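Secondary and tertiary structure notes
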2 protein chains.
Amino acid sequence: MAEPVSPAGSIAESLKSLGLTKYEALVYVALLQASGATATELHELSGVPRASVYPVLERLSQKHLVSVSHTTPKRFNPVKPDDAIDLLMRSIETDATRAKADLSRVYAQSARPARGDQELIWSIHGDDQIRTRLLELLRDAQESVQIIFYWDHLKQELIDTLLSLRDNVRVDIITDRFTAPVPDRIHVTLRIPPDSHGITAGKCMAGGVFIVDGKQVMVVMGSKEEGFTALYSEATGFIRFFTMYWNFFLSWFRPQ
Amino acid sequence: MAEPVSPAGSIAESLKSLGLTKYEALVYVALLQASGATATELHELSGVPRASVYPVLERLSQKHLVSVSHTTPKRFNPVKPDDAIDLLMRSIETDATRAKADLSRVYAQSARPARGDQELIWSIHGDDQIRTRLLELLRDAQESVQIIFYWDHLKQELIDTLLSLRDNVRVDIITDRFTAPVPDRIHVTLRIPPDSHGITAGKCMAGGVFIVDGKQVMVVMGSKEEGFTALYSEATGFIRFFTMYWNFFLSWFRPQ
DNA sequence: TAAATGTTGTTATCACAAAAACAACACAGG
DNA sequence: CCTGTGTTGTTTTTGTGATAACAACATTTA
């Protein structure tokens, strides 16, 4: 008996992040399958204890997700799922925009001193966050950008950003392959890393080193499976290490 | 000392509906005011117990809302609030669309028998839900629409819906005033209800009765303050009662 | 140098509230 | 009578909130 791709449990998970509890989700899903059902029917269909069905439906009613009949036994009708989810989303969006406004105000007001990033190494998690910070970093380049690039994603976005730099910013890229057409602005050097050490820089591995103006370094590590982690630093030791690493790559491995 | 319009507590409320806990919200807000702070500083700024700051920041890091330094003491940096909230919203939206798809499939698949609404009276809560169901109801009118209308909102939307009906559907409205220009299609009768019984049908009260084809009735009650409640029924007794009510209004009160 | 002090990061423990799960009861209708 | 409904409690569980204690390390002080 093949389970549907999204069994009730999975749906419940999605609904929970919209502010519903497990029981609320289960009962609502059950009610969709049996509009006009009684509390007992919903209990049987959803597996929720019968006594719990009543308070749960009360909450769902207050959230405007079900309507209730005035008969005995009480019968219940679900709000159409599209309307229901739009309703929940709208409520969340309201909070989101308010939060965004408030937080931005707080963030802008806070005196952010030219902070002592100089000696620190920062961990950044989350693909989006890494992408944002990376492009931000590259956009601010004044003199040079040095890149070691074994990262499948981000090709086009990266190039676009690099091309938007001022003309006097020198851009060097070391990579194993570069499928996209490469404008003249960007100096590309092909280098194959040694795959003798077990893991090839294939699909399972990805990463990159980005050195900006010889003053800022961002290192991206990870794989598609586990997600990415990035390190960012302006610490001199950190920069020295990865500049050396970059030169090492440039001179050591065989050109393609 | 005047509190800002949105103190930290209020912001925390908004953030909670985006999936953060109280502590996560407090620490994040504190961190916005002091980028690059240490755990102890955040403890002092946010009021969150120092020991709790570490797991909280760990969770925030997993949610990609902060980056962490590798120094001792650890220092933390917030993701910019716009990016952070966009990130949270995108995650929720993903769940929402998946839930919508799944639920719609469930809802469509469920054999919805020509359900025995006939003897039931349904309670509907929530302004949006009431509006949706009401317009839905009116759109399906085949022969006649009878309305008692003491409801300030919904004027234009209501008229638009009524005008979209087929020509042979007779539309009668009883109301105390009708500010909008009334097309010929709609027969409007002005009746002032007795205001002797205490409450006038003024701003504090609002309501309406909608009888469709003499077979479906929706009654909307409530006030702007407490929100609205609606009753819907196809029960013959219910319909008889409100049809009588309608005729009563039409014949009893003095014309304006 | 050695003891005292303070800070950081970590762990364990407890309190508390909401949700989940179960038991019991009054009551209506057949 | 019995069945099923609606309601009321009570217990268990879970996640969060809150406090205390501890080891590791650095700093100060005698």
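Scroll up a little and you will see the structure.
To keep things clear, this report deals only with the structure shown in the data block. Per chain, residue numbering runs from 1 following the sequence as it is written. Note on labels: chains are lettered from A, ligands numbered from 1, in written order. Side-chain atom pairs in this predicted model are given and counted only at pLDDT of 80 or more, local residue features only at pLDDT of at least 70, and totals for whole chains, interfaces and linings cover all residues. Only hydrogens and water are removed before side-chain values are computed, so all heavy atoms of the structure are retained for them.

**A word on the packing of aromatic side chains**
What counts is decided by this rule: Whether two aromatic rings pair depends on their centres lying within 6.5 Å, for rings of Phe, Tyr and Trp, where Trp uses its six-membered ring; planes under 30 degrees apart make the pair stacked, over 60 edge-to-face, and the rest tilted. Think of it this way: any DSSP run of H or I at least four residues long counts as a helix, any run of E at least two long counts as a strand, and we number them from the N terminus. Working definition: with a 1.4 Å probe on protein chains only, accessible area under 20% of the residue-type maximum means buried, over 50% means exposed, and in between means partly exposed. The criterion for a charge sitting over a ring is simple: Lys NZ or Arg CZ within 6 Å of the ring centre, and within 35 degrees of the ring normal.
Under the counting rule described, the total for this entry stands at 10 aromatic pairs over all chains. A centroid spacing of 6.5 Å and a plane angle of 10° characterise the contact between Phe241 of chain B and Tyr245 of chain B, whose relative ring orientation is stacked. A residue pair is termed a helical-turn pair when its members lie 3 or 4 positions apart in one helix, as Phe241 of chain B and Tyr245 of chain B do in helix α8 (residues 236–252) at four residues. For Phe241 of chain B, a relative accessible area of 45% gives the class partly exposed. With a centroid separation of 5.1 Å and 45° between ring planes, the pair formed by Tyr245 of chain B and Phe249 of chain B is classed as tilted. Residue Tyr245 of chain B and its partner Phe249 of chain B are located together in helix α8, separated by four residues, close to a single helical turn. Taken together, the aromatic side chains of Phe238, Phe241, Phe242, Tyr245 and Phe249 of chain A make up a single cluster linked through ring pairs. Positioned above the aromatic ring of Tyr232 of chain A is the side chain of Arg133 of chain A, whose terminal nitrogen or guanidinium carbon lies 5.9 Å from the ring centre.

**Structural notes on the protein's contact with DNA strand C**
Let me state the cut-off plainly: It suffices for a single heavy atom of a residue to lie within 4 Å of a molecule or strand for the residue to be listed as near it. Under the rule applied, a polar contact is a pair of N or O atoms within 3.5 Å (in protein, one hydrogen donor and one hydrogen acceptor; residues adjacent in sequence only if both atoms are side-chain atoms). In this count, Pro and Cys sit with the nonpolar residues alongside Ala, Val, Leu, Ile, Met, Phe, Trp and Tyr, while Asp, Glu, Lys and Arg are called charged and the others, Gly among them, polar.
Around DNA strand C, the neighbouring residues are Thr21, Lys22, Tyr23, Pro49, Ala51 and Ser52 of chain A together with Thr40, Arg50, Ala51, Tyr54, Pro73 and Lys74 of chain B. Atoms of DNA strand C within 4 Å of the protein belong to the sugar or the phosphate in 62% of instances, the rest to bases. Take Lys22 of chain A: an N or O atom from its main chain is 3.1 Å from a phosphate oxygen of DNA strand C. For the surface near DNA strand C, the secondary structure elements donating two or more residues are α2 (22–33) and α4 (50–62) of chain A together with α4 (50–62) of chain B. Looking at the surface near DNA strand C element by element, the count peaks at three residues for α4 of chain B. Here the surface near DNA strand C is built from residues that sort into six nonpolar, three polar and three charged.

**A closer look at the pattern of salt bridges**
All names here are of chain A. Counted only if it meets this: Throughout this description, the term salt bridge denotes a Lys or Arg side-chain nitrogen within 4 Å of a carboxyl oxygen of Asp or Glu.
Counted under the stated rule, the structure contains 24 salt bridges over all chains. The residue Glu24 makes a salt bridge to Arg59 at a minimum N-O spacing of 3.2 Å. Of this pair, Glu24 sits in helix α2 while Arg59 sits in helix α4, placing them 35 residues apart in sequence. Here Arg59 falls in the partly exposed class, since its relative accessible area comes to 34%. Between Arg98 and Asp95 there is a salt bridge whose closest N-O contact spans 3.1 Å.

**A few points about unusual backbone geometry**
If you check the backbone angles, His64 of chain A has positive phi at about 65° while not being a glycine. Exposure remark for His64 of chain A: the relative accessible area of 27% places this residue in the partly exposed category.

**Focus: the interface of chain A and chain B**
We apply this condition: Whether two residues are in contact is decided by their heavy atoms: any pair within 4.5 Å suffices. By buried area we mean the combined loss of accessible area, with a 1.4 Å probe, across both parts when two parts are placed together. By definition, two strands form a pair when at least two bridges between them are found by DSSP.
Tallying the contact residues gives 65 residues for chain A and 65 residues for chain B. Here chain A and chain B share an interface that buries about 5,700 Å² over both sides, 62% of which is from carbon and sulfur atoms. Together, Leu103, Tyr107 and Trp122 of chain A form the three largest contributors to the area buried by chain A at its contact with chain B, with a combined 11%. As a salt-bridge pair, Arg90 of chain A and Asp128 of chain B come within 3.0 Å of each other at their nearest N and O atoms. On inspection of chain A and its partner chain B, the count reaches 20 residue pairs in polar contact (both at pLDDT 80 or more). At the level of elements, α1 (8–16), α2, β2 (66–69), β3 (75–78), α5 (81–109), β4 (121–125) and α6 (127–139) of chain A are the ones that each hand at least two residues to the side of chain A that touches chain B. The biggest single contributor to the side of chain A that touches chain B is α5 of chain A, with 21 residues. Where β4 of chain A meets strand β2 (residues 66–69) of chain B, two bridges bridge the pair, whose relative direction is antiparallel.

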